[in-house]
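# A closer look at the structure
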Amino acid sequence: MSEGIVILMIGISTLLGAIGLMALIWAVKTGQFDDHNKFTDAVRHDNEEDLQDAAMMQAKKKAYKEKMKQERLEKERNYRPAD
C-alpha cells in the first residue's frame with residue numbers, strides 16, 4: 001500500500017471514532033440511558049415470594065461468610081509451624 005492510502009485510512013478512522021465518541025457523550029448528557037422508573041417498576045411487579053427468596057438468599061450468604069470466617073479463625077488457632 002502506498003503511504004497516501006494509509007494516511008487516508010488513519011484520518012477517516014480517527015474522524016469516525018471522534019464522531020462516535022461525541023454521539024456517546026451527547027447521549028449520556030441528554031439522559032438517553034436513564035431509566036427513572038426502573039426501581040419503582042421492579043417493586044411494583046415483584047411478588048411476595050420473590051422478595052422472600054431474595055431475603056433468604058441474603059441470609060444464606062451472610063451465614064456462609066460467617067461460617068468461613070469461623071473456619072479461618074479456627075485454622076489460625078490450631079496452626080503449629082513445622083519443626
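Described below are features of the structure shown in this document. (Residues numbered from 1 in each chain as written. Predicted model: local features only at pLDDT ≥ 70, side-chain atom pairs only at ≥ 80, totals over all residues. Heavy atoms only, no water.)

## Re a negative patch on the surface
Here is the rule: Every patch collects residues that have over 30% relative accessible area and no salt bridge, joining them within 9 Å if they carry like charges and within 5 Å if they are nonpolar side chains (Val, Leu, Ile, Met, Phe, Trp, Tyr). Computed by Shrake-Rupley with a 1.4 Å probe, the accessible areas treat only the displayed protein chains as cover when residues are assessed. Take a side-chain nitrogen of Lys or Arg and a carboxyl oxygen of Asp or Glu: if they are within 4 Å of each other, that pair is a salt bridge. When charges are counted, Lys and Arg contribute as positive and Asp and Glu as negative, whereas His and the chain ends are disregarded. To locate a charge, take atom NZ for lysine, CZ for arginine, CG for aspartate or CD for glutamate. Per the convention used, a helix needs a DSSP run of H or I reaching at least four residues, while a strand needs a run of E reaching at least two, with both numbered from the N terminus.
On the surface, Asp46, Glu48, Glu49, Asp50 and Asp53 cluster together into a patch of negative charge. Mapped onto the elements of the fold, Asp46 is located in the loop between α2 (38–45) and α3 (48–77).

## Describing a nonpolar patch on the surface
We count it as follows: Classification of residues uses two cut-offs on accessible area relative to the type maximum, computed with a 1.4 Å probe and protein chains only: under 20% is buried, over 50% is exposed, and between them is partly exposed.
Taken together, the side chains of Leu8, Ile12, Leu15, Leu16, Ile19 and Met22 make up a nonpolar region of the molecular surface, amounting to roughly 620 Å² of accessible area. Within the secondary structure, Ile19 sits in helix α1 (residues 3–29). Classification of Ile19 by relative accessible area gives partly exposed; the value is 46%.

## Looking at the pattern of salt bridges
On inspection of all chains with the given rule, the structure shows 2 salt bridges. The partner of Glu76 in a salt bridge is Arg72, and the shortest N-O contact between them spans 3.4 Å. Note that Glu76 and Arg72 are positioned in helix α3 at a spacing of 4 residues, about one turn of the helix. A salt bridge links Arg77 to Glu74; its shortest N-O distance comes to 3.1 Å. Taken together, the residues span about one helical turn, with Arg77 and Glu74 both in helix α3 at a distance of 3 residues. Judged by its relative accessible area of 58%, Arg77 falls in the exposed class. A relative accessible area of 38% places Glu74 in the partly exposed class.

Coordinates in, geometry out; function isn't part of it.
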